[in-house]
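Observations on chain architecture
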Amino acid sequence: MTPARPAPGLLTPLVAVVGTAVGVLVLFAAQRALAPVLVGGPGAVCTAPDCVLGVGVWLIVGAVVAPCVSLIAGAVFRHPDRPVRRGLFIALWCVLAYLVESIVLWILA
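Residues numbered from 1 in each chain as written. Predicted model: local features only at pLDDT ≥ 70, side-chain atom pairs only at ≥ 80, totals over all residues. Heavy atoms only, no water.

**Quick word on the overall build of the chain**
Counting its secondary structure elements, the chain contains 3 helices and 0 strands. Listing the helices and strands of the chain from first to last along the sequence gives α-α-α. Evaluated residue by residue, the chain yields a buried proportion of 27% over its 109 residues. Taking the contacts inside the chain whose residues are at least 6 apart along the sequence as the reference set, 90% of them involve residues at least 24 apart. A total accessible area of about 7,200 Å² is found for the chain, and carbon and sulfur atoms account for 77% of it. (Helix = DSSP H or I, 4+ residues; strand = E, 2+ residues; numbered from the N terminus. Buried < 20%, exposed > 50% of the residue type's maximum accessible area, 1.4 Å probe, protein only. Contact = heavy atoms within 4.5 Å. Areas by Shrake-Rupley, 256 points an atom, 1.4 Å probe, with all protein chains shown as cover.)

In C-alpha coordinates:
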(Lines give C-alpha, C1' and ligand atoms only; values in the text may rest on other atoms or scores of the structure.)
Protein backbone atom coordinates (compact mmCIF):
# COMPACT_ATOMS: atom_id res chain seq x y z
CA MET A 1 0.00 0.00 0.00
CA THR A 2 1.32 3.43 -0.87
CA PRO A 3 1.22 6.16 1.75
CA ALA A 4 -1.40 8.84 1.29
CA ARG A 5 -0.14 12.22 0.16
CA PRO A 6 -1.93 15.46 0.94
CA ALA A 7 -3.65 17.03 -2.00
CA PRO A 8 -1.39 19.68 -3.56
CA GLY A 9 -4.37 22.01 -3.81
CA LEU A 10 -4.75 22.04 -0.04
CA LEU A 11 -1.06 22.13 0.77
CA THR A 12 -0.37 25.62 -0.59
CA PRO A 13 -3.01 27.42 1.54
CA LEU A 14 -2.07 25.37 4.58
CA VAL A 15 1.63 26.23 4.33
CA ALA A 16 0.78 29.88 3.61
CA VAL A 17 -1.48 30.22 6.67
CA VAL A 18 0.85 28.43 9.07
CA GLY A 19 3.91 30.33 7.82
CA THR A 20 2.13 33.65 8.04
CA ALA A 21 0.78 32.93 11.52
CA VAL A 22 4.23 31.98 12.82
CA GLY A 23 5.87 35.04 11.25
CA VAL A 24 3.20 37.43 12.51
CA LEU A 25 3.35 35.99 16.04
CA VAL A 26 7.14 36.39 16.13
CA LEU A 27 6.90 40.00 14.93
CA PHE A 28 4.06 40.76 17.34
CA ALA A 29 6.02 39.35 20.29
CA ALA A 30 9.10 41.34 19.32
CA GLN A 31 7.09 44.55 19.04
CA ARG A 32 5.42 43.90 22.36
CA ALA A 33 8.84 43.57 23.99
CA LEU A 34 10.14 46.71 22.24
CA ALA A 35 7.03 48.84 22.83
CA PRO A 36 8.45 50.79 25.80
CA VAL A 37 11.45 51.79 23.69
CA LEU A 38 9.43 52.64 20.59
CA VAL A 39 6.90 54.88 22.34
CA GLY A 40 7.64 58.57 22.15
CA GLY A 41 10.72 58.26 19.96
CA PRO A 42 12.11 61.12 17.88
CA GLY A 43 9.50 62.57 15.57
CA ALA A 44 6.59 60.99 17.42
CA VAL A 45 3.27 62.60 16.56
CA CYS A 46 1.56 61.53 19.75
CA THR A 47 3.13 60.41 23.02
CA ALA A 48 -0.12 59.83 24.88
CA PRO A 49 -1.07 56.31 26.00
CA ASP A 50 -4.11 56.46 23.70
CA CYS A 51 -1.85 56.44 20.65
CA VAL A 52 -0.03 53.35 21.85
CA LEU A 53 -3.37 51.66 22.47
CA GLY A 54 -4.37 52.49 18.92
CA VAL A 55 -1.14 51.01 17.57
CA GLY A 56 -1.78 47.84 19.56
CA VAL A 57 -5.31 47.52 18.23
CA TRP A 58 -4.15 47.97 14.63
CA LEU A 59 -1.34 45.46 15.13
CA ILE A 60 -3.89 42.92 16.39
CA VAL A 61 -6.18 43.64 13.44
CA GLY A 62 -3.24 43.18 11.07
CA ALA A 63 -2.28 39.95 12.84
CA VAL A 64 -5.78 38.60 12.17
CA VAL A 65 -6.05 39.88 8.60
CA ALA A 66 -2.62 38.63 7.42
CA PRO A 67 -3.38 34.89 7.80
CA CYS A 68 -6.81 35.41 6.24
CA VAL A 69 -5.22 37.08 3.23
CA SER A 70 -2.61 34.34 2.99
CA LEU A 71 -5.34 31.69 3.04
CA ILE A 72 -7.18 33.38 0.19
CA ALA A 73 -3.95 33.95 -1.77
CA GLY A 74 -2.92 30.34 -1.18
CA ALA A 75 -6.22 29.11 -2.56
CA VAL A 76 -6.09 31.41 -5.57
CA PHE A 77 -2.39 31.06 -6.46
CA ARG A 78 -1.84 27.36 -5.80
CA HIS A 79 0.86 25.61 -7.75
CA PRO A 80 0.41 21.91 -8.57
CA ASP A 81 4.13 21.15 -8.89
CA ARG A 82 5.59 23.05 -5.93
CA PRO A 83 2.85 23.73 -3.39
CA VAL A 84 5.14 24.15 -0.36
CA ARG A 85 7.39 26.62 -2.13
CA ARG A 86 4.41 28.67 -3.31
CA GLY A 87 2.90 28.62 0.19
CA LEU A 88 6.16 29.85 1.72
CA PHE A 89 6.39 32.57 -0.91
CA ILE A 90 2.87 33.76 -0.08
CA ALA A 91 3.64 33.64 3.64
CA LEU A 92 6.79 35.72 3.10
CA TRP A 93 4.86 38.44 1.32
CA CYS A 94 2.12 38.52 3.94
CA VAL A 95 4.64 38.76 6.78
CA LEU A 96 6.48 41.53 4.92
CA ALA A 97 3.18 43.40 4.53
CA TYR A 98 2.59 43.05 8.28
CA LEU A 99 6.12 44.32 8.95
CA VAL A 100 5.55 47.37 6.74
CA GLU A 101 2.26 48.04 8.53
CA SER A 102 4.05 47.80 11.87
CA ILE A 103 6.80 50.18 10.83
CA VAL A 104 4.31 52.73 9.55
CA LEU A 105 2.24 52.49 12.74
CA TRP A 106 5.24 52.90 15.03
CA ILE A 107 6.53 55.86 13.02
CA LEU A 108 3.16 57.58 13.29
CA ALA A 109 2.76 56.85 17.02
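**Notes on helix α3 (residues 83-108)**
For α3, which comprises 26 residues, the first-to-last C-alpha distance of 38 Å matches the rise-based estimate of 38 Å (1.5 Å per residue) to within 8%. Within α3 the residues assigned to the buried category are Pro83, Gly87, Ile90, Ala91, Cys94, Val95, Tyr98, Ser102, Leu105 and Trp106. (Expected span 1.5 Å × (residues − 1).)

**Some points on the side chain of threonine 12**
Mapped onto the secondary structure, threonine 12 falls in helix α1 (residues 8-38). We classify threonine 12 as buried; its relative accessible area is 0%. Among the polar contacts made by the side chain of threonine 12, one reaches the main-chain carbonyl oxygen of proline 83 at a distance of 3.2 Å. Residues contacting threonine 12, with those up to four places away along its chain left out, are Gly74, Phe77, Arg78, His79, Pro83, Arg86, Gly87 and Ile90. (Polar contact = N/O pair within 3.5 Å; in protein donor to acceptor, adjacent residues only side chain to side chain.)

**Notes on the packing of aromatic side chains**
Counting across every chain of the model gives 1 aromatic pair. Seen from their ring centres, phenylalanine 89 and tryptophan 93 are 6.1 Å apart, and the 80° between their planes marks the pair as edge-to-face. Highlighted residues: phenylalanine 89 and tryptophan 93, both in helix α3, separated by 4 residues, approximately one helical turn. On the accessibility criterion, phenylalanine 89 (46% relative accessible area) is partly exposed. Accessibility expressed as a relative area gives 51% for tryptophan 93, which makes it exposed. (Phe/Tyr/Trp six-rings, centres within 6.5 Å; stacked < 30°, edge-to-face > 60°.)

**A few points about the environment of tyrosine 98**
Among the structural elements, tyrosine 98 can be located in helix α3. Taking relative accessible area as the criterion, tyrosine 98 reaches 2% and is therefore assigned buried. Sequence-distant contacts of tyrosine 98, that is, excluding residues within four places in its chain, are made with Val24, Leu27, Phe28, Gln31, Leu59, Gly62 and Ala63.

**Thoughts on the confidence of the model for the chain**
On average, residues of the chain carry a pLDDT of 84, and 83% of them reach 70 or more. For the chain, the element scoring lowest by mean pLDDT is α1, at 87; α3 scores highest, at 91. (pLDDT = per-residue confidence, 0-100.)

**Things to note about the environment of phenylalanine 28**
Mapped onto the elements of the fold, phenylalanine 28 is located in helix α1. Counting along the chain gives 35 residues from phenylalanine 28 to alanine 63, while the straight-line C-alpha distance between them is 7.8 Å. Those residues in contact with phenylalanine 28 that sit more than four places away from it in its chain are Leu59, Ile60 and Tyr98.

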